[in-house]
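Single-letter residue listing:
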Amino acid sequence: MTTTHFWISAGAALLMAAAGTGAGAQQAPSASAPAARPAGETPHQSTTQQPGARSMTKRDSADAAKPAGFNPRFSSSSEHFVQQGGERLYQSICQGCHMPQGEGAKGAGFYPALAKNARLASGAYPVYVVLSGLHGMPPFAHRLDDQQVADVVNYVRTHFGNSYQDALTPEEVKKQRP
């Protein structure tokens, strides 16, 4: 018996003894008990799994428990955001990276501050960024309609210490679509 098998066997013996299922203890097989494994096979081995592939866990399944209040708020196609209004769009899409007060963040990535950002002076720039993406930010052209883009850009341009009052219209957004 190898050292690894010894430790697994010793650990299993301790668990079985604590549960009263060790040698000499009689216990009826359980319907939920796992099937017997061939000698030498550990619970982490699978004969059908591709090398390097990750096995699915209960956490990964579609019926896995979701956090309280979980609601991704996508339409049924999962392609388009359904929120309306600049503040709701910002809270749902943008603040995860740009932070609740638009302060931005650095760490695993760089998320520029939107607060007091002089680059927002021209409405065309943030519209371009939202539609086409920039650096690590993904494009949202196919997930937001013209009204939603105008709303979120206008919201950012009039909040977080920004006071750019020349509101963009959905028609101006449409002209910039890729």
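Residues numbered from 1 in each chain as written. Predicted model: local features only at pLDDT ≥ 70, side-chain atom pairs only at ≥ 80, totals over all residues. Heavy atoms only, no water.

Give a detailed account of the side chain of Q148, specifying residues and quantitative values.
Residue position: Q148 is located in helix α4 (residues 146-157). Beyond its immediate stretch of four places on either side in the chain, Q148 contacts H80, F81, V82, Q83, Q84, L89 and R143. (Helix = DSSP H or I, 4+ residues; strand = E, 2+ residues; numbered from the N terminus. Contact = heavy atoms within 4.5 Å.)

Give a description of unusual backbone geometry that names residues and reports values.
Not every positive phi belongs to a glycine, and K116 is a case in point at roughly 50°. Note on placement: K116 falls in the loop between β2 (110-111) and α3 (124-132). One non-glycine residue, F160, lies in the positive phi region at around 65°. Secondary-structure assignment places F160 in the loop between α4 and α5 (170-176).

Explain α4 to me, and be specific about the residues and the numbers.
Between its terminal C-alpha atoms α4 stretches 16 Å, which fits the 16 Å expected from 12 residues at 1.5 Å a residue. With respect to burial, α4 is a largely interior element, 11 of its 12 residues being buried. Looking at the packing, one finds that the buried side of α4 touches α2 (86-98), α3 and α5. Its side-chain oxygen at 3.1 Å from the backbone nitrogen of Q147, D145 defines the N-terminal cap of α4. (Expected span 1.5 Å × (residues − 1). Buried < 20%, exposed > 50% of the residue type's maximum accessible area, 1.4 Å probe, protein only. Polar contact = N/O pair within 3.5 Å; in protein donor to acceptor, adjacent residues only side chain to side chain.)

Run through the confidence of the model for the protein, naming residues and quoting values.
In this model, the protein carries a mean pLDDT of 75, and residues with pLDDT of at least 70 account for 56%. Mean pLDDT in the protein bottoms out at helix α1 (residues 3-19), which sits at 45, and peaks at α4, which reaches 97. Taken as a whole, residues 2-19 scores under 50 in pLDDT and shows 6 contacts with residues more than four places along the chain or in a different chain. (pLDDT = per-residue confidence, 0-100.)

Pulling in residues and values, what's your account of the environment of R88?
Locating R88 in the fold gives a position in helix α2. Separated by 64 residues in the primary sequence, R88 and V152 place their C-alpha atoms 8.4 Å from one another.

Before we move on, can you summarise the pattern of salt bridges with the specific residues and values?
Throughout the structure, instances matching the rule amount to 2 salt bridges. As a salt-bridge pair, R177 and D146 come within 2.5 Å of each other at their nearest N and O atoms. Of this pair, R177 sits in the segment after α5 while D146 is found in helix α4, placing the two residues 31 residues apart along the sequence. Look at D146 and you get buried, because its relative accessible area is 16%. For R157, the salt bridge is made with D166, and the minimal N-O distance between the two is 2.8 Å. Overall, D166 belongs to the partly exposed group, its relative accessible area being 48%. (Salt bridge = Lys/Arg side-chain N within 4 Å of Asp/Glu carboxyl O.)

Describe α3, listing the residues and the values that go with them.
By the burial criterion, the buried members of α3 are P126, V127, V129, V130 and L131. For α3, the secondary structure elements touched by its buried residues are α4 and α5. Positive phi appears at G133, one or two residues downstream of α3, with a value of about 80°.

Explain the state of the cysteines residue by residue, including any values.
In total, this model carries 0 disulfides according to the counting rule given. Its sulfur unpaired, C94 is 8.7 Å from the next cysteine sulfur, which belongs to C97. Owing to a relative accessible area of 17%, C94 belongs among the buried residues under this scheme. (Disulfide = S-S within 2.5 Å.)

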